[in-house]
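# Inside the fold
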Number of protein chains: 2
Amino acid sequence: MVSIPRGFRDFPPPMMILRKRVLSKIEEIFRRYGFDPIETPSLEYWETVKGKLGEEAENKLMFIFPDFFSKEWYTLRYELTFPLARYVAMHPETPLPFKRYHIGNVWRHEEPQKGRYREFLQCDADIVGSPYPEADAEVISVNIDAMKSFDFENFRVRLNDRRLLTGVFEEELGINNPFPIYRAIDKLDKIGVDGVKGELARLGAHESLIGRIMELISTRGSFNEISNTFRRIENDKVKVALDHLEEIFSIVSDDRLVFDLSLVRGLDYYTGPVFETSVSEPRIGSLAGGGRYDRLIGLYSGKDVPATGVSLGVERLIDAGLELGIFDLSERSYTDVFIVSVRRENWRYAWRISRILRERGFSTSLDLMRRSQSAQREYANKIGAKVIAFVGPSEEETETVTLYSRDLRKTVKISELIDSLREFLSVS
Amino acid sequence: MVSIPRGFRDFPPPMMILRKRVLSKIEEIFRRYGFDPIETPSLEYWETVKGKLGEEAENKLMFIFPDFFSKEWYTLRYELTFPLARYVAMHPETPLPFKRYHIGNVWRHEEPQKGRYREFLQCDADIVGSPYPEADAEVISVNIDAMKSFDFENFRVRLNDRRLLTGVFEEELGINNPFPIYRAIDKLDKIGVDGVKGELARLGAHESLIGRIMELISTRGSFNEISNTFRRIENDKVKVALDHLEEIFSIVSDDRLVFDLSLVRGLDYYTGPVFETSVSEPRIGSLAGGGRYDRLIGLYSGKDVPATGVSLGVERLIDAGLELGIFDLSERSYTDVFIVSVRRENWRYAWRISRILRERGFSTSLDLMRRSQSAQREYANKIGAKVIAFVGPSEEETETVTLYSRDLRKTVKISELIDSLREFLSVS
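Residues numbered from 1 in each chain as written. Chains lettered and ligands numbered in written order. Predicted model: local features only at pLDDT ≥ 70, side-chain atom pairs only at ≥ 80, totals over all residues. Heavy atoms only, no water.

Stated formally: UniProt positions are given in the numbering used here, feature names are shortened, and annotations may be inferred rather than shown by experiment.
By the naming in UniProt, chain A is Histidine--tRNA ligase, taken from Korarchaeum cryptofilum. Turning to chain A, the UniProt record has this under Catalytic activity: "tRNA(His) + L-histidine + ATP = L-histidyl-tRNA(His) + AMP + diphosphate + H(+)". Annotation of chain A in UniProt includes, under Subcellular location, the sentence "Cytoplasm".

## Brief notes about the pairing of strand β9 (residues 273-279) of chain A
Residue and element names in this part refer to chain A. Where we set the bar: Working definition: with a 1.4 Å probe on protein chains only, accessible area under 20% of the residue-type maximum means buried, over 50% means exposed, and in between means partly exposed. For helices the rule is a DSSP run of H or I covering at least 4 residues; for strands it is a run of E covering at least 2, with both sets numbered from the N terminus onward. Following DSSP output, two strands are said to pair if at least two bridges run between them.
Summarising burial for β9: seven of the seven residues are buried, a large majority. Alternating residues of β9 divide into P273, F275, T277 and V279 and V274, E276 and S278, and every residue in both groups is buried. One ladder, built from seven bridges, connects strand β7 (residues 155-161) with β9; its direction is antiparallel. The residue of β9 that forms the bridge with F155 is V279. Bridge count between β9 and strand β10 (residues 288-292): four bridges; the pairing is antiparallel. Bridge pairing in β10 links F275 to G290.

## A short note on the interface of chain B and chain A
To keep things clear, this is the line we draw: The contact criterion used throughout is that any non-hydrogen atoms of two residues lie within 4.5 Å. A quick way to say it: buried area is the sum, across both parts, of accessible area lost when two parts are put together, with a 1.4 Å probe. Here a salt bridge means any side-chain nitrogen of Lys or Arg lying within 4 Å of a carboxyl oxygen belonging to Asp or Glu. Between N or O atoms, a polar contact is any pair within 3.5 Å; within protein, one atom must be a potential hydrogen donor and the other a potential acceptor, and residues adjacent in sequence are included only when both atoms are from side chains. Polarity classes work like this: nonpolar for Ala, Val, Leu, Ile, Met, Phe, Trp, Tyr, Cys and Pro, charged for Asp, Glu, Lys and Arg, and polar for all others, with Gly in that last group.
Listed per partner, the contact involves 97 residues of chain B and 97 residues of chain A. Counting each side, the surface lost to burial between chain B and chain A is near 8,300 Å², with a carbon and sulfur contribution of 59%. At the junction of chain B and chain A, the tally comes to twelve salt bridges. Here B:E27 ties to A:K20 by a salt bridge, and the two come within 2.9 Å at their closest N and O atoms. The interface formed by chain B and chain A contains 44 residue pairs in polar contact (both at pLDDT 80 or more). No other element matches the seven residues that helix α1 (residues 13-32) of chain B contributes to the side of chain B that touches chain A. Of the residues in the side of chain B that touches chain A, the class split is 51 nonpolar, 19 polar and 27 charged.

## Describing helix α9 (residues 207-218) of chain B
Residues and elements named next belong to chain B. What counts, and what does not: To estimate the expected span of a helix, subtract one from its residue number and multiply by 1.5 Å. Note that the arc is defined by the directions from the helix axis to the C-beta atoms.
In this model α9 runs 16 Å from its N-terminal to its C-terminal C-alpha over twelve residues, within 8% of the 16 Å that 1.5 Å per residue would give. Residues of α9 that are buried: L209, I210, I213, M214, L216 and I217. On an axial view of α9, the arc spanned by its buried residues comes to 160°, and they lie on one face. Those residues of α9 that are exposed and angled more than 90 degrees off the buried face are E207, S208 and E215. The inward-facing, buried residues of α9 abut α6 (162-172), α7 (178-185), α8 (188-202) and α10 (223-231).

## Details of the side chain of A:T308
Examined against the element boundaries, A:T308 turns out to sit in strand β11 (residues 307-312). Engagement of the side chain of A:T308 in a polar contact is seen with the backbone oxygen of A:G291, the distance being 3.4 Å.

## Concerning the relation of the copies chain B and chain A
The condition is simple: The copies are overlaid by a least-squares fit using only the C-alpha atoms of residues whose pLDDT is at least 70 in both copies.
When chain B is brought onto chain A, the operation consists of a screw motion whose angular component is 180° and whose axial shift is 0.0 Å, with 0.1 Å RMSD remaining. The transformation just described matches what one would write down for a two-fold rotation axis. For chain B, the residue whose C-alpha comes nearest the rotation axis is B:F65, separated from it by 3.1 Å. Of all interface residues in chain B, 100% are interface residues in chain A too; the two copies therefore contact each other through one and the same surface.

## What to know about unusual backbone geometry
Residues and elements named next belong to chain A. Note that the residue after L96, namely P97, is joined by a cis bond; omega there is 0°. Relative to the helices and strands, P97 resides in the loop between α4 (81-90) and β5 (98-107). In the Ramachandran plot, D151 falls in the positive-phi region, its phi being about 60° despite a non-glycine side chain. Considering the arrangement of structural elements, one finds D151 in the loop between α5 (133-149) and β7. The phi torsion at E399 lies on the positive side, around 55°, for a residue other than glycine. Relative to the assigned elements, E399 resides in the loop between α16 (393-398) and β15 (400-404). E399 gets classed as partly exposed once you look at its relative accessible area, which sits at 37%.

## Quick look at the packing of α5(A) against helix α11 (residues 236-252) of chain A
Residue and element names in this part refer to chain A. Counted only if it meets this: To obtain each axis, a line is fitted to C-alpha atoms, and for helices this fit is confined to the stretch in contact; angles are then taken between N-to-C directions over 0 to 180 degrees. By the definition adopted for this analysis, an angle is roughly parallel if under 35 degrees, roughly antiparallel if over 145, roughly perpendicular if from 65 to 115, and oblique otherwise. Left-handed describes a crossing in which the near helix is turned anticlockwise from the far one by less than a right angle; the clockwise case is right-handed.
Packing of α5 against α11 leaves a shortest axis separation of 9 Å and a crossing angle of 45°. When the axis of α5 is compared with that of α11, the two are oblique. With respect to the hand of their crossing, α5 and α11 are arranged in right-handed fashion. Contact with α5, carried on its side by P133, E134, D136, A137, I140, S141 and I144, involves H244, E247, I248, I251 and V252 of α11 and no other residues of that element. Classifying every residue of the contact of α5 with α11 gives seven nonpolar, two polar and three charged.

## Digging into the pattern of salt bridges
Enumeration over the complete set of coordinates arrives at 80 salt bridges over all chains. A network of salt bridges, in which partner residues are shared, links A:R158, A:D260, A:R265 and A:E276.

## Overview of the sheet that holds strand β2 (residues 43-45) of chain A
Residue and element names in this part refer to chain A. Within the open sheet, the three strands sit side by side as β2-β4-β3. Their pairing is antiparallel. Each having just a single partner strand, β2 and β3 (64-66) make up the two edges of the open sheet. The mean inter-strand angle of the sheet, taken between neighbouring strand axes irrespective of direction, is 35°. Two elements, β3 and strand β4 (residues 73-76), share three bridges in a ladder whose sense is antiparallel. Across the sheet, I64 pairs through a bridge with T75, a residue of β4.

## Considerations on the sheet that holds strand β9 (residues 273-279) of chain B
Backbone hydrogen bonds hold the strands of a sheet together, and the pairing may be parallel or antiparallel. All names here are of chain B. Strand order in this open sheet of eight strands is β1-β5-β6-β11-β10-β9-β7-β8, and the pairing throughout is mixed. This sheet does not close on itself; its edge strands, each paired only once, are β1 (36-37) and β8 (257-259). When strand β5 (residues 98-107) meets strand β6 (residues 119-128), the two strands line up antiparallel, connected through ten bridges. Paired with G104 across the bridge in β6 is Q122. Contacting β5, β6 and β11 (307-312), α1 crosses the sheet at an angle of about 5° to β6. Its contacts with the sheet put α6 on β7 (155-161), β8 and β9, and the angle it makes with β7 is roughly 50°.

## What about the environment of B:F249?
All names here are of chain B. Structurally, F249 can be placed in helix α11 (residues 236-252). Residue F249 is classed as buried on the basis of its relative accessible area of 15%. Aside from chain neighbours lying at most four places away, what touches F249 is L159, F223, L257, V258 and F259.

## Section: the packing of aromatic side chains
The condition is simple: Working definition: rings of Phe, Tyr and Trp (its six-membered ring) pair if their centres are within 6.5 Å, and the pair is stacked with planes under 30 degrees apart, edge-to-face with planes over 60 apart, and tilted otherwise. As a reminder, the over-ring test applies to NZ of lysine and CZ of arginine, requiring each to be within 6 Å of the ring centre and within 35 degrees of the ring normal.
All chains considered together, the criterion is met by 40 aromatic pairs over all chains. With centroids separated by 5.5 Å and ring planes inclined at 85°, the aromatic side chains of B:F150 and B:F327 adopt a geometry described as edge-to-face. Taken together, the residues span a long stretch of sequence, with B:F150 in the loop between α5 (133-149) and β7 and B:F327 in the loop between α13 (314-324) and β12 (337-341) at a distance of 177 residues. Of the two residues examined, B:F150 and B:F327, each falls in the buried class. Their ring planes at 15° and their centres at 5.6 Å tell us that B:W347 and B:W351 sit as a pair that is stacked. Here B:W347 and its partner B:W351 are both found in helix α14 (residues 347-359), four residues apart, which amounts to about one turn of the helix. In textbook terms, an aromatic cluster arises when at least three aromatic residues are bridged by ring pairs, as seen for A:F8, A:Y45, A:F63, A:F65, A:Y74, B:F8, B:Y45, B:F63, B:F65 and B:Y74. Lying across the ring of A:Y78, A:R108 places its NZ or CZ 4.2 Å from the centre.

Here it is as structure tokens:
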């Protein structure tokens, strides 16, 4: 029996129609904010990314393979940020700030499960060149607008700053190897206060440190209230981070943006603000996220260039939207009209009508199987044509078409066809 | 120095904007004709296609590589027709005819040269299920409409039928191993009459056979005239093919569709009509083509299902269009408006204006670099913003914006901003 590789997917028309609708909304928002598209190869030289993406990615998750002829090694694109860094290095003529979006497949050798695939789309918008909170505010606004445009109501964007973590945990609390601690507190949302305490204890933190950490990460309230607490810590990194966050909050000015010291985000390359977007239901993990990475773009050009960006988890957005009933697969075909030729002799007249409709941009099909009238109707219903147009001997004789939908039925002259069809489609 | 794999491409914004425009026109035409989108994995199991795509593809052109863990072998998608056949076998619930379009990357290990890449887009529209000329006429009409929509004027679609070739050359002229002969006559367009004669002689054809072949393939005139000549040959395949072609010509009814017995098309899987589209200038080879393949879809399902389709060579369409001046790269950014903050204090007002514009769908950017007014203007010009909006102390004070483009300049109230901007954009 024929099959497709594990973790890969075929998308039939109803799913494609939904995906295209979601992607075109995302693109529209990216464009509104002045982002322009780029594309990069699906394959990069392994040499280009080797040693940059971390052990798990390189030893387990990346598809890496040799060219049979040149003996070069390739890798399938793993994410879109490193290709951006490479792009910027290879296109030094690009004016800064470079606001680019990139919608493209990436490939990861994950163990396939619900919501996790080996080939999936990423939708990234990044601003290369600006070190300022204005740029962070812009990508966070993109994130909020995208969630709003899909009618996700109960979402929030949690915001933190890596420099705040460094200042507080490393410099003030004196934690030398902070990443295990960060990973533990990052789980607060998932495993709760007691869970995090347990993890910290297992990591060997003594009780007073655990108490101090829990106190810090459990602080709730508006950013200004929390900020006042933290300002008491006299630490340069803390001060810089708080100033930066304050600007972001003030520019974005949206209640759904909340401060959360427990937010870390997995990737090591972040250097400033980090944020993550989730909905309370369904519990599907984060739907989007991003942050500032001022030392990644320079990896290839040898010169640090500040950058910040957002990545919309479009696969999860679609899965969550389907679960919440925000999206559905009810549009099975783009077909506006299926023209039924009542008799075989009417087919040429049907073709003539199809030309008129297609010229005006209506998605139109007609019988290609020399089927009976009833078989044509059955097919039109099966594919989900929105309107059926009958052309039989009397229609052909009088140069008319009989339009038919769930609620309406009407015989119209060719000259009225377009207007009538619009009417039918607006109620179907 | 960092680089990308040979034959692969980065697409900067101006090229992406053009590509997206071309693709969205193609999609619009596919949809008009009632085709719906599908997508299939970029990777297929090598097992699935092995032995099906011909020696050159399998020994040289396909990217084939092992999974490091499962030891399965993968191949990067080589074209879109075999994945369609596999899709149909795996989705037996699909109503027939299945009119699907598929726009996706394919990968071929070609020697890179002008117009030939190792990763490139294919745009295919196919009709699975119909054996009738109505279906062929529909995909040929898609082809003609696509060429027309891009203002290619001097194009023609050459049409032939494989059964005609078989009937004439194999059954009537008694040629046993016809494919070398077909390949020779297929070059008539490129190497001319004498060139083909030479090739035929090299293949060992005796002079009278060469004369007969040249006479046949050089016949010119309307399909009806030529058809009358061929109808004198009493051969079943010839008759069936001529009837089929006659229907296609009559339905499509377009002078740019011409009969050409010398058209063969390389692929072995065609079983009926074949067609190819080219322009006289630039001499870039065929821009689109397709045909009927009634025995390919059944490869996976074990049951023959007739099918016919068209493939638009979008990479060549773009290259040819750029050479002919039909396309250009003048739109460097989607940005409609760049808002210049005359002084740093005006930035918040600029942000407020940006929100109004973005909410109305205008692609809007503003300063993210804390630059001087003149540096902001320079940047706006560099990226190609269509309109510049100035907001300085006087604009902020009076709640106005000063719009500025190549030809116009106007200070407008916020309430008039949208209308004025539309006016500016319509002349820019």
